[in-house]
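Structural overview
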Amino acid sequence: MERFLCSKRRGDLIIIDGQEFKHLRVLRLKKGEKIQVFCDGRLFLASLWDLAKDHAIFNILEEIPIILPRPKITVYQCLPVELKLIEEVIDRVSQAGAIRLVPLLCKRGFHGSLNWEEKLERWKRISIASFKQCKRP
C-alpha cells in the first residue's frame, strides 16, 4: 500500500497537494481507494474522497499504530569532501533504520561555501522519499 505525507488535516479529512499530489496522480486512484497517510506524526489509513486539479482529499478510516524500533539510532556523519556523496548516506541511513541523521562539519571533511538552505531542502526530499519507500515510521 502506498504511503504519502499530508499537507493539511481538518478533522477527519486529510488534504494532499504539492509534490506529494503529483506522485499521487500517477497512481490514478479512484474514489474509495485506500492509502496510508503520515500526518502530524501519526499514520492513518485513508480513502480517497475527492480529487481536484491541484489537490486530493482523503477521509480518515482509522489510525495505524506506529511501532518505533528499539533502540532509537542517531547517526552523526561528517560531511564528505565530495558533498554529493551525502545523498547516498541519507538514503542508506534511513533504510538501515536510523531515526535521525546529524550532518557534521569536520576538519577533514567538506570545506566549502554553498547555499545550505537549498541543500537541506534537497536532503529533506531525499529522506522523505527513502522514508516512503522503506515504510519506516
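Scroll up for the structure.
Summary of the structure given here.

**Focus on the sheet that holds strand 5 (residues 42-51)**
Judged by pairing direction, the sheet is mixed, and its six strands sit side by side in the order 1-4-5-6-3-2 without closing on themselves. Whereas interior strands pair on both sides, the edge strands pair on one side only; in this sheet they are strand 1 (3-5) and strand 2 (8-10). Put simply, the sheet's adjacent strands are angled 40 degrees from each other on average, direction ignored. Pairing of strand 3 (residues 13-17) with strand 6 (residues 55-64) involves five bridges; the strand directions are antiparallel. Bridged to Ile16 within strand 6 is Ala56. Of the strands in this sheet, strand 1, strand 3, strand 4 (34-39), strand 5 and strand 6 touch helix 1 (residues 18-26), which is tilted by about 90 degrees from strand 3. Seen against the sheet, helix 3 (residues 116-134) touches strand 1 and strand 4 and runs at an angle of roughly 150 degrees to strand 1.

**With respect to the side chain of Asp91**
Looking at where Asp91 falls in the secondary structure, it is placed in helix 2 (residues 85-96). Asp91 gets classed as buried once you look at its relative accessible area, which sits at 18%. There is a polar contact of 3.0 Å between the side chain of Asp91 and the side chain of Gln95. With sequence-adjacent residues up to four places away left out, Asp91 is seen in contact with Ile126 and Ser130.

**As for helix 2**
With 12 residues, helix 2 should cover 16 Å at 1.5 Å per step; its first-to-last C-alpha distance of 17 Å lies within 8% of that length. By the burial criterion, the buried members of helix 2 are Ile86, Glu87, Ile90, Asp91, Val93 and Ser94. Along the axis of helix 2, the buried residues cluster in a sector spanning 165 degrees; they form a single face. Buried residues along helix 2 sit against strand 7 (74-78), strand 8 (100-104) and helix 3.

**Let's talk about the pattern of salt bridges**
Under the counting rule described, the total for this entry stands at five salt bridges. We note a salt bridge from Glu63 to Arg42, for which the minimum N-O separation is 2.8 Å. Linking Glu63 in strand 6 with Arg42 in strand 5, this pair joins segments that are 21 residues apart in sequence. Ionic pairing is found between Glu88 and Arg92, a salt bridge with its closest N-O pair at 2.7 Å. Residue Glu88 and its partner Arg92 are located together in helix 2, separated by four residues, close to a single helical turn. For Glu88, a relative accessible area of 40% translates into the label partly exposed. The network of salt bridges with shared partners includes Glu88, Asp91 and Arg92.

**Brief notes about unusual backbone geometry**
A positive phi angle is found at Arg28, which is not glycine, with a value near 55 degrees. Summarising the element assignment, Arg28 is placed in the loop between helix 1 and strand 4. Relative accessible area serves as the criterion here: at 68%, Arg28 is assigned to the exposed category.

**A few points about the environment of Ile126**
Within the fold, Ile126 resides in helix 3. By relative accessible area, Ile126 is classed as buried at 18%. Sequence separation between Ile126 and Leu27 is 99 residues; the distance between their C-alpha atoms is 20 Å. For Ile126, the residues in contact, after removing those within four places along its chain, are Glu87, Ile90 and Asp91.

Reading guide: rules and limits
- Residues numbered from 1 in each chain as written.
- Predicted model: local features only at pLDDT ≥ 70, side-chain atom pairs only at ≥ 80, totals over all residues.
- Heavy atoms only, no water.
- Pairing = 2+ DSSP bridges.
- Helix = DSSP H or I, 4+ residues; strand = E, 2+ residues; numbered from the N terminus.
- Axes fitted to C-alpha atoms, helices over the stretch in contact; angles between N-to-C directions.
- Contact = heavy atoms within 4.5 Å.
- Buried < 20%, exposed > 50% of the residue type's maximum accessible area, 1.4 Å probe, protein only.
- Polar contact = N/O pair within 3.5 Å; in protein donor to acceptor, adjacent residues only side chain to side chain.
- Expected span 1.5 Å × (residues − 1).
- Arc of directions from axis to C-beta.
- Salt bridge = Lys/Arg side-chain N within 4 Å of Asp/Glu carboxyl O.

Just geometry here; none of it tells us what the structure is for.
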